[in-house]
Amino acid sequence: AQSVTQLGSHVSVSEGALVLLRCNYSSSVPPYLFWYVQYPNQGLQLLLKYTSAATLVKGINGFEAEFKKSETSFHLTKPSAHMSDAAEYFCAVSETRGGSEKLVFGKGTKLTVNP
Amino acid sequence: EAQVTQNPRYLITVTGKKLTVTCSQNMNHEYMSWYRQDPGLGLRQIYYSMNVEVTDKGDVPEGYKVSRKEKRNFPLILESPSPNQTSLYFCASTPTGYPYEQYFGPGTRLTVT
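Being a predicted model, the structure only gives us computed values, none of them experimental.

Trainee: Could you clarify how one ought to interpret the interface of chain A and chain B in this entry?
Mentor: Interface size is commonly expressed as the accessible surface area that is lost when the partners come together. Across the contact, 21 residues belong to chain A and 23 residues belong to chain B. Overall, the association of chain A and chain B removes approximately 1700 Å² of surface from exposure, summing both partners, and the carbon and sulfur fraction of that is 53%. Of all residues in chain A, A:Glu101, A:Lys102 and A:Phe105 bury the most surface against chain B, accounting for 29% of the area lost on that side. Put simply, chain A and chain B have 1 salt bridge between them. At the junction of chain A with chain B, the criterion picks out 4 residue pairs in polar contact (both at pLDDT 80 or more). Elements with a contribution of two residues or more to the side of chain A that touches chain B: strand E4 (33-38), strand E5 (44-50), strand E9 (87-97) and strand E10 (100-105) of chain A. Considering each element in turn, the side of chain A that touches chain B owes the most residues, 5 residues, to E10(A). Of the residues that constitute the side of chain A that touches chain B, the class distribution is 8 nonpolar, 7 polar and 6 charged.

Listed below in structure tokens is the structure:
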């Protein structure tokens, strides 16, 4: 079964600093990969997705992620953090299980942005 | 506005008292799903439905029921809630038969005492 590891349950950065949120998946077969963001007291919303096209994927709000097959990674970055980026971020990976498609979520990384 | 709505948003109940959390989407999406979110565990899928009258178990279905009689609605039923079902619940939908680009509802925070 597919598994997703997000390194660091909490990440703290200063406003204007680089944001790097790490995600590794377990499958040797390149899956579809996603990052979702959850702002306080809201549901999740799709930030960006990788579906086997370009390995560098751009999303909303200045975020991007790079798919690295050799490292089975899909890390999320943003060059300059803004206070409004404070949220919890979830990496998710597609998986085919029992003939059905599933989305497997990581445990999440809570991003704090300090002024 | 395209959205997924859930009701109620907050619910405190007692052990064994049947409850239903409603979920409705106005985007004509085929795939709908229920998740629970617990600290340190991320999101876990409870049930999903690929279309009307088609439902299947997710990873943590015990203690829950669902139905899909109409395309837009996907209620979650707890026949006999227990304290370990205290959680934050999310309904989600996607326009295709795949659970990838999901649109999430705002969440229902359930406390079972």
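Trainee: Whenever I open this one, the environment of A:Leu76 confuses me. Can you help?
Mentor: All names here are of chain A. You can see Leu-76 is positioned in strand E8 (residues 73-78). Between the alpha carbons of Leu-76 and Leu-48 there is a distance of 9.4 Å; along the sequence they are 28 residues apart. For Leu-76, the contacting residues outside a window of four places in its chain are Val-19, Leu-20, Leu-21, Trp-35, Leu-47, Leu-48, Phe-63, Glu-64, Ala-65 and Tyr-89.

Trainee: Looking at this model, I keep getting lost on unusual backbone geometry. Mind explaining?
Mentor: With the exception of glycine, most residues fall at negative phi, and the peptide bonds are largely trans. Looking along the chain, the bond that leaves B:Asn7 and enters B:Pro8 is cis, with omega of -5 degrees. Mapped onto the elements of the fold, B:Pro8 is located in the loop between strand E1 (4-7) and strand E2 (10-13). Even without being glycine, A:Thr72 reaches a positive phi, approximately 45 degrees. With respect to the helices and strands, A:Thr72 occurs in the loop between strand E7 (64-68) and E8.

Trainee: In this structure, what is going on with the nonpolar core? I would like to understand it.
Mentor: One recurring pattern in soluble globular proteins is that nonpolar side chains are buried together. One finds A:Trp35, A:Leu48, A:Phe74, A:Leu76 and A:Tyr89 to be the most contacted residues of the largest nonpolar core, which totals 28 residues. Of all the elements in the fold, those that place two or more residues in this core are strand E2 (10-14), strand E3 (19-25), E4, E5, E7, E8, E9 and strand E11 (109-114) of chain A. Beyond its immediate chain neighbours, meaning those up to four positions away, A:Phe74 contacts A:Cys23, A:Leu33, A:Phe34, A:Trp35, A:Leu48, A:Tyr50, A:Val57, A:Ala65, A:Glu66 and A:Phe67. If you look at the next biggest cluster of nonpolar residues, it comprises 19 residues, including B:Tyr64, B:Val66, B:Phe74 and B:Tyr89.

The rules behind these values
Residues numbered from 1 in each chain as written. Chains lettered and ligands numbered in written order. Predicted model: local features only at pLDDT ≥ 70, side-chain atom pairs only at ≥ 80, totals over all residues. Heavy atoms only, no water. Contact = heavy atoms within 4.5 Å. Buried area = accessible area lost by both parts, 1.4 Å probe. Salt bridge = Lys/Arg side-chain N within 4 Å of Asp/Glu carboxyl O. Polar contact = N/O pair within 3.5 Å; in protein donor to acceptor, adjacent residues only side chain to side chain. Helix = DSSP H or I, 4+ residues; strand = E, 2+ residues; numbered from the N terminus. Nonpolar A, V, L, I, M, F, W, Y, C, P; charged D, E, K, R; others polar. Core = buried A, V, L, I, M, F, W, Y, C linked by side-chain atoms within 4.5 Å. Buried < 20%, exposed > 50% of the residue type's maximum accessible area, 1.4 Å probe, protein only.

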